Amino acid sequence: MKSKLTIFSIGLLLLLAASFSVAQSEETVDKYSLWLGGYYADSSDYAKKAGEYRLLENAGELVPSFKFGWQSLRPNSSFDLDVDYLDEENIVGRMTSRIGDRYNFDVQYRSLSRQLQQDLLTNMETREAGGGKILTHDLMDAGADYSYHRREILSKVSLLLQRDNNVRFTASHRSILKSGEEQAIASNHCLSCHLTSKSQELESSTHQFQAGIDAEVSKYDVGYQFGFRMYESHVPAPSAYYDEAKHPVNGGSGVEFAPRQLYDDTTLAFSAQPKTEKMSHKLRLKGDLGKGKFAGSLSYSRSENKYSELTSNAWVGAFNYAVTMNPQTRFIARLTGVRREADDPFIDVRDYRVGRTTPSYLQSNFDYERQSSLDRADGKITAEVIRRLNPKMTLSVLAGYNRVDRYSYPDSDDNLVSGTFIGQAKLNYRKGLKYRSSFKYRFEKTSDPFNTFKGLFEERGREILTRNVSASPFFFIFYWEREALKYQNITTEPTDLHEFAWKSTWRPTLKTSVNLGLNAKFDKNGDLDSLDVKHSSFQPHLSLTTAPNPKWSFTAGLTLNSSKSRGPVTVALFDG
Amino acid sequence: MVDYKTKATSLYANANFVPSQRLHLFTTLSYHKSTAEYDPVEMPDITDKLEGDLTHQDFSFDHMHEYSNHDFGSVNLALGFGYLIAAQTTFTFDLEYADLTDDSGTAGTDPYYVYGDESGSWYMIRSGLKFDF
């Protein structure tokens, strides 16, 4: 019903816009084109990858389709409509309408189908030698055929309300609707690791709306924009049975294992989707300042998960100033600041062996408040000088500093402060129309990049993994004690980053051009005492475009991408 | 510490040819090859750091680095023509073909990625008449 309503709304919009344009009593030139035909498609073997964005259920059938185009031109206005209907799930349509510089309207509809694959979970199957702990999986919907239909509607309108001050109203809208079926995987707890997969209905919508007004006031351009975005799933979350707690080998000791679980022997919803809303306000101002020009903006946004009632707020400010220092030299300064705060959820975990007779040295409360890593004050300043060295060469040099203060992270009394120095140089060379080339080098040096504190490893160098956090008389380490043994911070963020970019265009004739370039990037983190994290990538590219005569045009290209990452690999111990 | 390597190579060629005012031909051919793999994982020998009997555990992980292997080769071809059969009437023909070869594993001891063997092909022929007025 909703999809019919959406299609009806789009049709109504198109009709209104068309009527509005046609109603003009000016001399017109109208062109129409209609394509009528159909398609036949088929596949062999596994088609979900090769035909990922196709409606495979039509395979082996003759499917009618059409295209329609209408272009209407008047001395002071225009109207364009294009529709390409491939099948019921693959449709592209666009309508644009314009009346001078007073009115612009653009609406698009894009619809596609996407095939989804099924994780067979076959790598989730193992058991310790000797019949010990076990990891198993169950495909409750083996052979399921997952796919979804994605529809996107975009509209944009611009109206000149008053010419003297160039007062202009703009509004835009974007909706993304998805319907279909996808895979959902529930994970049982580790006393008997057990993954179950089942089909999950997919029916979700994202709506985004923006509206604003811009005007010239005195010598300044001012503007305000309001934004709203929401996401919601319209189907209930799937549910799964969570296994009864018991010893993974002998099947006993249920009463001992059960209180170590948040839940067991019950059916619960999982893979639940959030319902989110985001609202924003933005002010813009730009104009002349001294001998230069400035542009600034200030925005506030608030996001909320309506189900969990968790919110985050952000203030973002930006200011740019550009001035021509002399005929060969230009200076640009950029300043941005972000202040973001997110709620810190309270994590309620059952006590260890709750309900059981427990010695005092084993009584533990695992509840905690999770401090959000989104909380931050982020400030960045850059200064760039662009200088024309001679008629063929231009050099720009940029320096900057970015400071991110993640207050209250990882704990409420902490604050992780990252500082990044940025340096960049870019050289442009142009020799007439025949040849042009540019080379850029960028360097970033970061102190204390973001990391997850104590996320990995027990203490390095321990000869024997003996417990040291409990006064219990037992010789073994309790699984929850291992948390306190972790010490290594983990991050993939670098402390040193180097980027190179070179691109060159050669035009031997006016009808032929050759592009050649290379992007390279290397980074590493030198602050991790027992990890060696680094990344490198190289992307050379070559392309040729030629149109030797009016009958022929030809393009060809080659792109390579080679990357390497070095990082730690760890394996969870069953006995953990 | 382990290295994870990815490589992607893309080749494409596109040609348009208009031999006469009635006929327009076009074709696009592309080939894409992508691979990703971990180096073998050499887990440290921790037997002298263990207390208690964990001999039933297997710490070798000989094939663990193969779990995330990718090795895909794909060919995409599109070609077609438009022929003006009468004033304001054009006959069109389009062919699209996609073929993907999954070399990331076998059905035996070297398993494919989590979706299984993804090798397959798909084609579509679309044809019709275009009227301009």
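It should be noted that the structure appears before, not after, this text.
Residues numbered from 1 in each chain as written. Chains lettered and ligands numbered in written order. Predicted model: local features only at pLDDT ≥ 70, side-chain atom pairs only at ≥ 80, totals over all residues. Heavy atoms only, no water.

Engineer: I'm lost on the pattern of salt bridges in this one. Help?
Structural biologist: Oppositely charged side chains can pair when the atoms bearing their charge come close. Residue and element names in this part refer to chain A. All chains considered together, the criterion is met by 27 salt bridges over all chains. Between E152 and R150 there is a salt bridge, with its nearest N and O atoms 2.9 Å apart. A salt bridge links R174 to E152; the shortest N-O distance between them is 2.6 Å. Within this pair, whereas R174 is found in strand β9 (residues 167-187), its partner E152 is found in strand β8 (residues 146-162), the two being separated by 22 residues in sequence. Several salt bridges share partner residues, and in doing so they unite R110, R150, E152 and R174 into one network. (Salt bridge = Lys/Arg side-chain N within 4 Å of Asp/Glu carboxyl O. Helix = DSSP H or I, 4+ residues; strand = E, 2+ residues; numbered from the N terminus.)

Engineer: Even after reading the chapter, I still don't get the interface of chain B and chain A, so can you show me in this structure?
Structural biologist: Interface size is commonly expressed as the accessible surface area that is lost when the partners come together. Of the residues lining the interface, 56 residues belong to chain B; the matching set on chain A comes to 69 residues. Overall, the association of chain B and chain A removes approximately 5,500 Å² of surface from exposure, summing both partners, and the carbon and sulfur fraction of that is 53%. Counting the surface chain B buries against chain A, the share from its top three residues, M1(B), W122(B) and R126(B), is 14%. If you look at where chain B meets chain A, you find four salt bridges. For R54(A), the salt bridge identified is with E96(B), shortest N-O distance 2.6 Å. In this assembly, chain B and chain A are joined by 26 residue pairs in polar contact (both at pLDDT 80 or more). Broken down by secondary-structure element, the contributors of at least two residues to the side of chain B that touches chain A are β1 (2-17), β4 (89-102) and β5 (120-132) of chain B. Counting residues per element, the side of chain B that touches chain A draws most heavily on β1(B), which supplies 16 residues. In the side of chain B that touches chain A, the residues fall into 30 nonpolar, 14 polar and twelve charged. (Contact = heavy atoms within 4.5 Å. Buried area = accessible area lost by both parts, 1.4 Å probe. Polar contact = N/O pair within 3.5 Å; in protein donor to acceptor, adjacent residues only side chain to side chain. Nonpolar A, V, L, I, M, F, W, Y, C, P; charged D, E, K, R; others polar.)

Engineer: Hey, could you run me through empty space enclosed by the protein in this one?
Structural biologist: In total, this model carries three cavities of 30 Å³ or more according to the counting rule given. Roughly 50 Å³ of volume is contained in the second largest cavity. Lining the second largest cavity, in full, are Y39(A), A41(A), R54(A), L55(A), L86(A), D87(A), N90(A), W122(B) and M124(B). Counting residues per element, the ones that place at least two in the lining of the second largest cavity are β1 (29-45) and β3 (77-87) of chain A together with β5 of chain B. Grouping the constituent residues of the lining of the second largest cavity by class yields six nonpolar, one polar and two charged. (1 Å grid on protein atoms, 1.4 Å probe; cavity = no way out; pocket = protein on both sides within 12 Å on 5 of 7 lines; lining within 4 Å. Points joined across faces, edges and corners; volume = space filled by probe spheres on them.)

Engineer: What am I meant to see in the environment of T101(B) here?
Structural biologist: Residues and elements named next belong to chain B. Its place among the elements puts T101 in strand β4. Owing to a relative accessible area of 35%, T101 belongs among the partly exposed residues under this scheme. The contact partners of T101, leaving out residues within four places of it in the chain, are D71, F72, G73 and S119. (Buried < 20%, exposed > 50% of the residue type's maximum accessible area, 1.4 Å probe, protein only.)

Engineer: Just checking my understanding: could you explain the nonpolar core for this structure?
Structural biologist: A general tendency of soluble globular proteins is for nonpolar side chains to be buried together. In terms of nonpolar packing, the biggest core is built from eleven residues, these being W70(A), F79(A), L81(A), M95(A), I99(A), Y103(A), F105(A), V107(A), V157(A), A171(A) and A211(A). Looking at this core element by element, the count peaks at three residues for strand β5 (residues 103-116) of chain A. Counting residues in each nonpolar core, the second largest holds eight residues, with A41(A), L56(A), L86(A) and M124(B) among its members. (Core = buried A, V, L, I, M, F, W, Y, C linked by side-chain atoms within 4.5 Å.)

Engineer: Looking at this structure, I do not really get the environment of P274(A). What am I missing?
Structural biologist: All names here are of chain A. With respect to the helices, strands and loops of the structure, P274 is situated in the loop between β13 (266-269) and β14 (276-289). Note on P274: relative accessible area 31%, which makes it partly exposed. With sequence-adjacent residues up to four places away left out, P274 is seen in contact with Y231, E232, S233, N305 and Y307.

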